[in-house]
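Residue strings, one per chain:
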Amino acid sequence: MFLTRRIVMAALLLAALAPQLSAGTWLKTVAAAQKVAKEKNQLILVDMFADWCGWCHRFEREVFPSAVFQEATSDIVLLRLDTEDGAEGTQIARKYGITQLPTFLLLAPDMTVAGTIRGYLPPNQFVSVLKETRSSYQKFMTDMKKESSFTSDHARRLSLAKEFAARSMFEKAEPRLKALTTEKGVPAAIRDEAFFELSLGYAMQRRYDDALNTIKSMTALSRRGPHVERARMMAGQIYMQQGNVQSARAEFQSFRKAFPDSPLLRDIEVLESRLGPAK
């Protein structure tokens, strides 16, 4: 009787622990994850979390132990990083601009971005989004390999360049975007968007002079268009970031005169309000 009771209790304990025991192994350092990813040529799924994040804990309880998650990540390296550890987790959060939790990064072995998944999702939905993200990354890799075959397809070239930038590979996006701003035969709309994406990339890297010079080159060729307007607004924001209130105010005033019907006027008003009263 006593033995039977122990067997039953052991079975119940194993059942309670089954999700934890079946859950995949989460590594705790980038170096460890990168080592395995390079050896196996696999992607890295990074769970960016914090102790206070209730939805992050819900992922732990409901998603990670699920069979669909385990199957979907069987060929992926798993890595968990605390965004508030003041060390590697915090550094990675800053590097990839993580501003909300939960967030998952899907990274290539060289730490370039294969995709990003934000917010809580139940197991089946999370796995579905993960599969879509991987599929999108594979398409990007295919386009990259076939790049030489679509040199005359400017729209596709621009899309690929933007993909490089979005995946934290601006060093590869930069020459591609520059080419689209200088080559003959590039449609004006694509050229202007390339100018804007180039200046945006510079601004995000705090290369403010390069960003402003790119915007000046753009506006020397184009006076109208949505990307021209966005670039002009960005110029004012860069001046604000540099503490150059006078130039920022002048840029916003010039914007109002040049684009009196722009849908960005409300944003301009908000930015101007942050400059304080004119002296």
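As shown above, the structure is provided for reference.
A brief report on the enclosed structure follows. For clarity, every value in this text was computed on a predicted model and none was experimentally measured.

The next thing to look at is helix H5 (residues 88–95). Those residues of H5 that fall on the buried side of the exposure criterion are Gly89, Thr90, Ile92 and Ala93. The arc that holds the buried residues of H5, viewed along the axis, is 165 degrees, so those residues lie on one side. Facing away from the buried side of H5 by over 90 degrees, the exposed positions are Gln91, Arg94 and Lys95. Summarising the contacts, the buried residues of H5 are in contact with helix H2 (30–40), strand E2 (44–49), strand E3 (77–82) and strand E4 (103–107).

On to the state of the cysteines. Covalently bonding the sulfur atom of one cysteine to the sulfur atom of another cysteine gives a disulfide. Under the criterion given, the structure shown has 1 disulfide. Note that Cys53 is cross-linked by a disulfide to Cys56, the S-S spacing being 2.3 Å. Taking the sign of the S-S torsion, about 80 degrees here, the bridge from Cys53 to Cys56 comes out right-handed. By relative accessible area, which is 1% here, Cys56 ends up buried.

At a closest axis distance of 11 Å, the pairing of helix H6 (residues 123–145) and helix H7 (residues 154–166) adopts a crossing angle of 125 degrees. It follows from the interaxial angle that H6 and H7 lie oblique. The handedness of the crossing between H6 and H7 comes out as left-handed. Between H6 and H7, the residues in contact are Phe140, Asp143 and Met144 and Arg156, Leu160, Glu163 and Phe164, respectively.

Moving on, we come to the pairing of strand E5 (residues 113–118). Here E4 runs beside E5; their pairing, made up of 5 bridges, is antiparallel. If you follow Leu105 over to E5, its bridge partner there is Thr116. Between E4 and E5, which pair antiparallel one after the other, the connecting turn spans 5 residues, and Met111 there sits at a positive phi close to 75 degrees.

On to the side chain of Thr214, then. Tracing the backbone through its elements, the reader meets Thr214 in helix H10 (residues 208–221). With a relative accessible area of 9%, Thr214 lands in the buried category. What Thr214 contacts, discounting residues up to four positions off in sequence, is Phe195, Leu198, Ser199 and Tyr202.

When its volume is computed, the largest pocket comes out at roughly 630 Å³. If you list the elements that add at least two residues to the lining of the largest pocket, you get H5, E5, H7 and helix H9 (188–204). Top contributing element to the lining of the largest pocket by residue count: E5, with 5 residues. For the lining of the largest pocket, a count of residues per class yields 11 nonpolar, 6 polar and 6 charged.

About the criteria used
Residue numbers run consecutively from 1 along every chain, following the written order of its sequence. A pLDDT threshold of at least 70 governs which residues receive local features in this predicted model, and a stricter bar of 80 or more applies before side-chain atom pairs are shown or counted, although totals over entire chains, interfaces and linings include all residues. The side-chain numbers reported here are obtained from all heavy atoms of the structure, hydrogens and water having been left aside. Think of it in three bands: with a 1.4 Å probe and only protein chains considered, a residue is buried below 20% of the maximum accessible area for its type, exposed above 50%, and partly exposed in between. Helix numbers and strand numbers start at the N terminus; a helix is a DSSP run of H or I with at least 4 residues, a strand a run of E with at least 2. Here, the arc refers to the directions that run from the helix axis to the C-beta atoms. Working rule for contacts: check all heavy atoms of both residues, and any pair within 4.5 Å makes them a contact. Throughout, a disulfide means two cysteine sulfur atoms within 2.5 Å of one another. Only the contacting stretch of a helix is used when fitting its axis, a line to C-alpha atoms as for every element, and angles between N-to-C directions run 0 to 180 degrees. Here roughly perpendicular refers to angles of 65 to 115 degrees, roughly parallel to angles under 35, roughly antiparallel to angles over 145, and oblique to all remaining angles. The hand of a helix crossing depends on one turn: near helix anticlockwise from the far one by less than a right angle means left-handed, and clockwise means right-handed. In this scheme, strands are said to pair when DSSP sees at least two bridges between them. The method works on a 1 Å grid over the protein atoms by themselves. A cavity is a set of points holding a 1.4 Å probe that cannot get out, a pocket is an open set with protein on both sides within 12 Å along at least five of seven lines, and residues with an atom within 4 Å of a point line them. Grid points are joined across faces, edges and corners, and a volume is the space filled by probe spheres set on the points. Amino acids are sorted into nonpolar (Ala, Val, Leu, Ile, Met, Phe, Trp, Tyr, Cys and Pro), charged (Asp, Glu, Lys and Arg) and polar (every other residue, Gly among them).

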